[in-house]
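Architecture and fold: a report
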Amino acid sequence: MTRLKMLIDIIARHAPHDGTFDGAIPGVKLLRSSTPTMPMPVIYEPTVCFVAQGRKQAALGTTAYIYDPARYLVASVGLPVMGSVIEATKAEPYLSLQLDLDLPVLGELAARHPLAPDEPVALAMGLTLNQTNPALLDAVVRLASLLDEPRDIEALAPLTISEILYRLLTGSGGIVIRHMAQADSRLSQVARAIVWLRKHFQEACRIEEAAEIAGMSRSSFHQHFRAVTAMSPIEFRTQLRIQEARRLMVSSAMDAANAGFHVGYDSPSQFSRDYSRIFGIPPAKHARRLRIVTTDR
């Protein structure tokens, strides 16, 4: 059995039906879907996603990132994206393993294995795709296999996760991992601002406050923020507001006007315009449609 088939087998057994599963290994989630899914708004936390079977797409701004068994996805900061499974069947469902990125461990590894003097240091996008090489896949399979040996998890999982992080750090996309691990990097500065924006997106706060949190001038902050997120800070805040409003309308049956007010809008018409621009449909109509889809399931 190939390493990839082993990973498929392990995930299929520990994720027996569609959904997201928190396993016994801290920081590890398994995902399964037997059908393609409609694009759904989600926040991608700092994480790495390895696909064993099927394909998934994450849309950030106007850019679509498609990942599959040959390519893994790294999210270096908490980003609002539209995620959808684009290849899955009942016989061959979408299966993936998601690993949270441990910044203290990354920092230690980066310090022990510094960049060569001639390696580039350019700021990268908050979502990146990289090729899954055999050594990295082998480490991922060994981590997943610990789900079959729960007594070994406490002793071996931290070692295997450290190996995976080392492979990420020294692989083709390692520069992004290094930026995450360095507290004084531009990526880390933008990440601090993103954390602040996510806590205060409902408030009528000045975006300049986020620049202060990042420790940058206003012009430098806007430049680096867009480089990481493909959005301006205002657009980013709007995405957060619209995602939360959508959740409130669907899960809490809140009407559109109240949902818009709850997430920080003073003008119902502005809320409707922003919502329609992002989802292509007015909020109340979209909420009714999504509730029907949820009920049918």
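Structure's up top.
Residues numbered from 1 in each chain as written. Predicted model: local features only at pLDDT ≥ 70, side-chain atom pairs only at ≥ 80, totals over all residues. Heavy atoms only, no water.

**Brief notes about the overall build of the chain**
Each helix and strand in the chain was counted, giving 12 helices and 10 strands. For a compact globule of 297 residues, the expected C-alpha radius of gyration is about 19 Å, and the chain comes in at 20 Å, within 12% of that figure. Principal-axis analysis of the C-alpha atoms places the extent of the chain at approximately 55 × 50 × 30 Å. Of all 297 residues assigned to the chain, the portion counted as buried reaches 46%. Taking the intrachain contacts of the chain between residues at least 6 apart in sequence as the baseline, contacts between residues at least 24 apart amount to 71%. Charge centroids of the chain, computed over 32 positive and 29 negative side chains, lie 6 Å from each other. (Helix = DSSP H or I, 4+ residues; strand = E, 2+ residues; numbered from the N terminus. Rg over C-alpha atoms; globule rule 2.2 N^0.38 Å. Buried < 20%, exposed > 50% of the residue type's maximum accessible area, 1.4 Å probe, protein only. Contact = heavy atoms within 4.5 Å. Lys, Arg positive; Asp, Glu negative; His and termini not counted. Charge placed at Lys NZ, Arg CZ, Asp CG, Glu CD.)

**A look at the pairing of strand β7 (residues 71-75)**
The buried count for β7 comes to 4 of 5 residues, which makes it a mostly enclosed element. Sheet topology places strand β4 (residues 47-53) next to β7; 3 bridges connect them, and they run antiparallel. When the sheet's bridge partners are listed, Val-48 is paired in β7 with Val-74. (Pairing = 2+ DSSP bridges.)

**Some remarks on the sheet that holds strand β2 (residues 28-33)**
Ordered by their spatial adjacency, 6 strands build an open sheet running β1-β2-β9-β4-β7-β10, and the pairing between neighbours is antiparallel. At either end of the open sheet lies a strand with only one pairing partner, and these are β1 (19-22) and β10 (127-131). Neighbour-to-neighbour, the strand axes of the sheet open up by a mean angle of 25 degrees, direction not taken into account. Summarising the sheet, β7 and β10 pair through 5 bridges and their orientation is antiparallel. The partner of Val-74 across the bridge, within β10, is Thr-128. Its contacts with the sheet put helix α1 (residues 3-14) on β1, β2, β4 and β9 (94-100), and the angle it makes with β4 is roughly 100 degrees. (Axes fitted to C-alpha atoms, helices over the stretch in contact; angles between N-to-C directions.)

**Section: helix α6 (residues 186-200)**
Between its terminal C-alpha atoms α6 stretches 21 Å, which fits the 21 Å expected from 15 residues at 1.5 Å a residue. Looking only at α6, the buried set comprises Leu-187, Ser-188, Gln-189, Val-190, Ala-193, Ile-194, Trp-196 and Leu-197. (Expected span 1.5 Å × (residues − 1).)

**Thoughts on the environment of Pro-150**
With respect to the helices and strands, the residue Pro-150 is situated in the loop between α3 (134-145) and α4 (153-170). Accessibility expressed as a relative area gives 54% for Pro-150, which makes it exposed. Pro-150 sits 98 residues away from Leu-248 along the chain, and the two C-alpha atoms are 38 Å apart.

**Points about the pattern of salt bridges**
This model, assessed by the stated rule, comprises 16 salt bridges. Between Glu-208 and Arg-206 there is a salt bridge, with its nearest N and O atoms 3.8 Å apart. Assessed through its relative accessible area of 46%, Arg-206 is described here as partly exposed. The structure contains a network of salt bridges with shared partners spanning Arg-3, Asp-138, Arg-142, Glu-163 and Arg-167. (Salt bridge = Lys/Arg side-chain N within 4 Å of Asp/Glu carboxyl O.)

**Quick notes on the sheet that holds strand β8 (residues 79-87)**
Taking strand neighbours across the sheet as the criterion, the 4 strands line up as β3-β8-β5-β6 in an open arrangement whose pairing is antiparallel. Edge positions in the sheet fall to β3 (40-44) and β6 (63-67), since each has one partner strand and no second. Averaged over neighbouring strand pairs, the angle between their axes works out to 35 degrees when direction is ignored. Relative to β8, strand β5 (residues 55-60) runs antiparallel, the two sharing 5 bridges. Within the sheet, the bridge partner assigned to Arg-55 lies in β8 and is Glu-87.

**Considerations on the pairing of β4**
Look at any regular strand and the pattern is simple: side chains alternate between the two faces of the sheet. The element β4 is largely enclosed, with a buried count of 7 among its 7 residues. Relative to β9, β4 is paired through 6 bridges, and the arrangement is antiparallel. What sits directly across from Cys-49, in β9, is Gln-98.

**What about the packing of α6 against helix α7 (residues 207-214)?**
At a minimum axis separation of 8 Å, α6 and α7 run at an interaxial angle of 140 degrees. By the angle class used here, α6 and α7 are oblique. Remark: the crossing between α6 and α7 carries right-handed chirality. Residues Gln-189, Arg-192, Ala-193, Trp-196 and Leu-197 of α6 form the contact with α7, whose participating residues are Ile-207, Glu-209, Ala-210, Ile-213 and Ala-214. (Parallel < 35°, antiparallel > 145°, perpendicular 65-115°, else oblique. Left-handed = near helix turned anticlockwise from the far one by under 90°.)

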